[in-house]
Amino acid sequence: MMGKISAWGAAAFGLLFAALAALQFGWGLTPWLVAGTAVLLLLGSLRTLRQMSGGLRLLSGAWGLAAGVLLQSYSTLAPPSPTLHDSYYVVFDPSWTAWLFAALPFIALAGLALTVLHKEQKR
């Protein structure tokens with residue numbers, strides 16, 4: 001059951017990554033890592049839902065790559081410098097979209113945990 005939930009989540013995330021890659025291609029960028037992550041998520045989801053060989057392994061690798069790509073943005077964040085203007089300390093927008101974007105890497109890690117903890121049943 002956990003594998004199916006993870007696979008459907010991976011399909012949704014794969015479509016989000018594909019849309020982001022399409023936007024970035026439209027802006028003149030070349031987001032090969034984002035496009036590759038979308039392909040791996042969608043392929044892993046398809047193979048897991050069809051119960052094909054290696055589907056869960058591919059899905060767990062794709063979830064790990066997605067989490068790494070999403071966590072990459074956190075490595076570029078730096079704490080505010082005390083020498084800058086005081087209004088710089090208001091760095092977090094408390095809107096629901098900011099919370100969603102902050103939660104995306106952890107959703108990907110939850111998908112990875114669901115895939116890894118899935119128990120296959122013998123038929």
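Up top is the structure these notes are about.
The model shown is predicted, which means the values in this text are computed figures rather than measured ones.

Participant: Can you help me understand the environment of phenylalanine 106 in this one?
Facilitator: Position of phenylalanine 106 among the secondary structure elements: in helix α4 (residues 96–116). The spatial distance from the C-alpha of phenylalanine 106 to the C-alpha of leucine 70 is 9.0 Å, given a sequence separation of 36 residues.

Participant: Help me understand helix α2 (residues 32–49), please; the structure alone is not making it clear to me.
Facilitator: What sets the pattern is the α-helix's 3.6 residues per turn: residues three or four places apart point alike. Taking 1.5 Å per residue as the helical rise, α2 with its 18 residues ought to reach 26 Å, and the 26 Å between its terminal C-alpha atoms agrees with that figure. Buried within α2 we find Val34, Ala35, Thr37, Ala38, Leu41, Gly44, Ser45 and Thr48. Positive phi appears at glutamine 51, one or two residues downstream of α2, with a value of about 55°.

Participant: What is the right way to read the packing of aromatic side chains from this model?
Facilitator: Applying the stated rule across the entire model yields three aromatic pairs. A centroid spacing of 6.4 Å and a plane angle of 45° characterise the contact between phenylalanine 13 and phenylalanine 17, whose relative ring orientation is tilted. A residue pair is termed a helical-turn pair when its members lie 3 or 4 positions apart in one helix, as phenylalanine 13 and phenylalanine 17 do in helix α1 (residues 2–26) at four residues. Among the residues examined, phenylalanine 17 registers a relative accessible area of 5% and is labelled buried.

Participant: Hey, could you run me through the packing of α1 against α4 in this one?
Facilitator: The description of two helices packed together rests on the angle between their axes and the distance between the axes. For the pair α1 and α4, the least separation of the axes is 8 Å and the interaxial angle reads 145°. Between α1 and α4 lies a crossing whose hand is left-handed. Packed against α1, whose contacting residues are Met2, Ile5, Ser6 and Phe13, the element α4 presents Leu104, Ile107, Ala108, Gly111, Leu114 and Thr115 at the interface. Its residues placed into classes, the contact of α1 with α4 shows seven nonpolar, three polar and no charged.

Conventions adopted
- Residues numbered from 1 in each chain as written.
- Predicted model: local features only at pLDDT ≥ 70, side-chain atom pairs only at ≥ 80, totals over all residues.
- Heavy atoms only, no water.
- Helix = DSSP H or I, 4+ residues; strand = E, 2+ residues; numbered from the N terminus.
- Expected span 1.5 Å × (residues − 1).
- Buried < 20%, exposed > 50% of the residue type's maximum accessible area, 1.4 Å probe, protein only.
- Phe/Tyr/Trp six-rings, centres within 6.5 Å; stacked < 30°, edge-to-face > 60°.
- Axes fitted to C-alpha atoms, helices over the stretch in contact; angles between N-to-C directions.
- Left-handed = near helix turned anticlockwise from the far one by under 90°.
- Contact = heavy atoms within 4.5 Å.
- Nonpolar A, V, L, I, M, F, W, Y, C, P; charged D, E, K, R; others polar.

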